[in-house]
Amino acid sequence: MLTTLALTLPLAVACSPAPAKDTEGPTAPTGVTAASGSAQTVHVMWNAATDDRAVTGYEVYQQGRKVKDLPATTLMVDIVNLTPATPYAFTVRARDAAGNRSPHSTTVPATTLAATAQDRTPPTTPRALRATADGTHAATLTWQPGRDDTEVTAYDIYQADARIHTVPGTATTARLTGLRAGTVYSFTVRARDAAENSSPDSATADLTTAPAPGAAPNTAPTDLTAKAVKGEVTLTWTPPRTGAPVTEHQLFLDGAFATTIIWGADPPPGRATYTFTVPTAKPARHSVKLRARLPDGSWGDFSAQRTVVVP
């Protein structure tokens, strides 16, 4: 009888080379500015840094001491609890996932405003806000100034209820960058004084940035208005032109899907209207926006956002 011996030979395992260690830091942030809007705060802003892989965060330094750690999506911050009428100096550094840090940015100075007597009177609302798209990724805002019993020290620009930019109280214009192509934006402006009193929101200004080359046209509902009465909000808008009747819209309340508005086979001609209830025991601030179902069954672009206070 023959006996067969099975020999076990070592297998040659192919090993992928370990990824190269990331030792290259991001570039230093540019365009750093620092402006005091009150006796105890300084607003610091900067342009995004670059990295061979990805910037993951920013560090803000005050007099050489780190005072803020921020995510890569944040390009501005308020430094608070400062001493009135005091000079400060700020720098910003970028950081990547490997912990590499950029050089410090250029040092920018700012002096907090002098403390004033107790001031509880906010500035008046900025008027005549206009928004103009500058191509695909930028916009310019202009407005008429608010008034204050002491002095307007800053204007805060809001996009969909989030503050995205601040300019000094002497300015009546602001240029916004880093916008997305072919996108609807909704802006408001508030005036602020040295005691941190803020005016009511200005009227809303909408714009749509230019589409990227070859991109499809924007499909957002337009001219959205929102009016609130006790426990109810009424929306009116113009559906997008899609080449076919728009029979469905999605309503988003405070950023979350709320309901689908279905007209059936014959949607209303021209502007559409929809009223919904918002149960509330006291006045509450809410944001609303819409998007339409397109003929191919997909959902289109979001409308500009509107904010209402429901009594």
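Residues numbered from 1 in each chain as written. Predicted model: local features only at pLDDT ≥ 70, side-chain atom pairs only at ≥ 80, totals over all residues. Heavy atoms only, no water.

**Observations concerning the confidence of the model for the protein chain**
- Per-chain confidence: the protein chain averages 90 in pLDDT, with 94% of residues scoring 70 or above.
- Residue range residues 1-7 is modelled with pLDDT below 50. Its contacts to residues more than four positions away, or to other chains, number 0 contacts. (pLDDT = per-residue confidence, 0-100. Contact = heavy atoms within 4.5 Å.)

**Description of the sheet that holds strand β9 (residues 138-144)**
- The 3 strands are arranged β8-β9-β12 in an open sheet whose pairing can be described as antiparallel. The open sheet has two free edges, formed respectively by β8 (127-133) and β12 (173-177), since each of these has just one partner strand. The average undirected angle you get between the axes of adjacent strands in this sheet is 15 degrees.
- Here β8 pairs with β9 via 5 bridges, running antiparallel. If you follow Arg127 over to β9, its bridge partner there is Gln144. (Pairing = 2+ DSSP bridges. Helix = DSSP H or I, 4+ residues; strand = E, 2+ residues; numbered from the N terminus. Axes fitted to C-alpha atoms, helices over the stretch in contact; angles between N-to-C directions.)

**Thoughts on the packing of aromatic side chains**
- Within the structure shown, the criterion is met by 8 aromatic pairs.
- Taken together, Phe252, Phe257 and Phe302 form an aromatic cluster joined through their ring pairs.
- Positioned above the aromatic ring of Tyr158 is the side chain of Arg190, whose terminal nitrogen or guanidinium carbon lies 3.9 Å from the ring centre.
- Here the basic side chain of Lys289 rests over the ring of Phe302, its NZ or CZ set 4.3 Å away from the ring centre. (Phe/Tyr/Trp six-rings, centres within 6.5 Å; stacked < 30°, edge-to-face > 60°. Lys NZ or Arg CZ within 6 Å of the ring centre and 35° of its normal.)

**Comments concerning the pairing of strand β1 (residues 33-36)**
- Only one face of β1 is covered, namely the one carrying Ala34 and Ser36; the face carrying Thr33 and Ala35 has none of its residues buried.
- Hairpin geometry of β1 and strand β2 (residues 42-45) is characterised by an intervening segment of 5 residues between the two adjacent antiparallel strands. (Buried < 20%, exposed > 50% of the residue type's maximum accessible area, 1.4 Å probe, protein only.)

**Some remarks on the sheet that holds strand β5 (residues 76-79)**
- Spatially, β1-β2-β5 is the arrangement adopted by the 3 strands of the open sheet, whose pairing is antiparallel. A strand with exactly one partner marks an edge of an open sheet, and here the two such strands are β1 and β5. On average, each strand axis in the sheet is inclined to that of its neighbour by 20 degrees, with strand direction left out of account.
- Bridge analysis of β1 against β2 gives 4 bridges, and the strand direction is antiparallel. The residue bridging Ser36 from the neighbouring strand is Val42, located in β2.

**Looking at the pattern of salt bridges**
- Per the stated rule, a full pass over the model turns up 15 salt bridges.
- Residue Arg192 pairs with Asp156 through a salt bridge whose shortest N-O separation is 2.8 Å. Here Asp156 lies in strand β10 (residues 152-159) and Arg192 lies in strand β13 (residues 184-193), a separation of 36 residues in the sequence.
- The exposure class of Asp156 is buried, given its relative accessible area of 1%.
- Here Arg192 ties to Glu196 by a salt bridge, and the two come within 3.2 Å at their closest N and O atoms.
- Taking relative accessible area as the criterion, Arg192 reaches 5% and is therefore assigned buried. (Salt bridge = Lys/Arg side-chain N within 4 Å of Asp/Glu carboxyl O.)

**Here's the deal with the environment of Asp52**
- Looking at the element boundaries, Asp52 is found in the loop between β2 and β3 (55-62).
- Owing to a relative accessible area of 43%, Asp52 belongs among the partly exposed residues under this scheme.
- Each C-alpha atom, one on Asp52 and one on Gly25, is 8.0 Å from the other, the two residues being 27 residues apart in sequence.
- When residues no more than four places from it in sequence are discounted, the contact partners of Asp52 are Asp22 and Glu24.

**A word on the side chain of Gln305**
- Relative to the elements of secondary structure, Gln305 occurs in the loop between β20 (284-292) and β21 (306-310).
- Engagement of the side chain of Gln305 in a polar contact is seen with the backbone oxygen of Ala160, the distance being 3.3 Å.
- With sequence-adjacent residues up to four places away left out, Gln305 is seen in contact with Ala160, Asp161, Ser186, Ser287, Val288 and Lys289. (Polar contact = N/O pair within 3.5 Å; in protein donor to acceptor, adjacent residues only side chain to side chain.)

**Focus on unusual backbone geometry**
- The backbone phi angle of Ala128 is positive, close to 55 degrees, even though this residue is not glycine.
- Along the chain, the position of Ala128 falls in strand β8.
- Of the residues examined, Ala128 reaches a relative accessible area of 46% and is grouped as partly exposed.
- A positive phi angle, close to 70 degrees, is found at Glu196, a residue other than glycine.
- Its place among the elements puts Glu196 in the loop between β13 and β14 (205-208).
- Accessibility expressed as a relative area gives 35% for Glu196, which makes it partly exposed.

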